[in-house]
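# Architecture and fold: a report
Okay, here's what each chain looks like letter by letter:
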Amino acid sequence: MAEKTIMLVCAAGMSTSLLVSKMQKAAEAEGVDAEIFATAASDADNKLAEKNPDILMLGPQVRYLEGNFKEKLDIPVEVINMQDYGMMNGEKVLKEALTSMGV
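Just so it is clear, the model here is predicted, and its values are computed rather than measured.

### Some remarks on the nonpolar core
Formed by 20 residues in total, the largest nonpolar core has its most connected members in Ile6, Leu8, Leu19, Met23, Ile36, Met57 and Leu94. For this core, the elements supplying multiple residues, two or more each, are β1 (4–10), α1 (15–30), β2 (34–40), β3 (55–58) and α5 (90–100). The contact partners of methionine 57, leaving out residues within four places of it in the chain, are Ile6, Met7, Leu8, Val9, Glu78, Ile80, Val93, Glu96 and Ala97. Residues Met7, Leu48, Leu56 and Leu65 belong to the second largest nonpolar core, which totals 13 residues.

### Side note on unusual backbone geometry
Look at asparagine 52: it is not a glycine, yet its phi comes out positive at around 45 degrees. Summarising the element assignment, asparagine 52 is placed in the loop between α2 (44–51) and β3. The class of asparagine 52 is exposed, set by a relative accessible area of 57%. Within the chain, methionine 88 stands out as a residue other than glycine whose phi angle is a positive 55 degrees. The residue methionine 88 is located in the loop between α4 (82–86) and α5 in this model.

### A word on the sheet that holds β2
Reading across from one edge, β2-β1-β3-β4 is the order of the four strands in this open sheet, with parallel pairing throughout. In this open sheet, the two strands that pair with only one neighbour each are β2 and β4 (77–79). When the angles between neighbouring strand axes are averaged without regard to direction, this sheet yields 25 degrees. Bridging between β1 and β2 involves seven bridges; their strand directions are parallel. Residue pairing across strands places cysteine 10 opposite alanine 40, the latter belonging to β2. Contacting β1 and β2, α2 crosses the sheet at an angle of about 155 degrees to β2. Lying on the sheet, α5 is in contact with β1, β2, β3 and β4; it crosses β3 at an angle near 140 degrees.

Cut-offs and rules
Note on numbering: residues in each chain are counted from 1, in written sequence order. Totals for whole chains, interfaces and linings use all residues, but because this is a predicted model, local features are given only for residues with pLDDT of at least 70 and pairs of side-chain atoms are given and counted only at 80 or more. Note that water and hydrogens are dropped before the side-chain values are worked out from all heavy atoms of the structure. Among the buried residues, those of types Ala, Val, Leu, Ile, Met, Phe, Trp, Tyr and Cys that are joined through side-chain atoms within 4.5 Å form a nonpolar core. Think of it in three bands: with a 1.4 Å probe and only protein chains considered, a residue is buried below 20% of the maximum accessible area for its type, exposed above 50%, and partly exposed in between. Helix and strand definitions here come from DSSP, where helices need a minimum of 4 consecutive H or I residues and strands a minimum of 2 consecutive E residues; each element is numbered from the N-terminal end. Should any heavy atoms of two residues lie within 4.5 Å, those residues are considered in contact. Only when DSSP finds a minimum of two bridges between them are two strands counted as paired. A fitted line through C-alpha atoms represents every axis, and for helices the fit uses only the stretch in contact; the resulting angles, taken between N-to-C directions, go from 0 to 180 degrees.

Fair warning: the whole summary comes from geometry, so function is off the table for now.
So this is what it looks like as structure tokens:
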């Protein structure tokens, strides 16, 4: 089992799949044991219950969900920087996630 679980949420769960693979490569390069996965906003509650992530990261297109998730979760909820998301900068998004988790 991974030491940290990072959940990314976007509108359909597809645009973040490329970001997930870039984040996983960055994690491997830095020796970080992490399970990173993406899901659609419509399935987020099911995945939260199933996977119990350490952090929830929202794609910029679903940033409007931030308050809702922050109210009901005891884990960090962050919106991915729009520029990092657009550039698919897995290294920076991973660093942001780890920093938010206090790692």
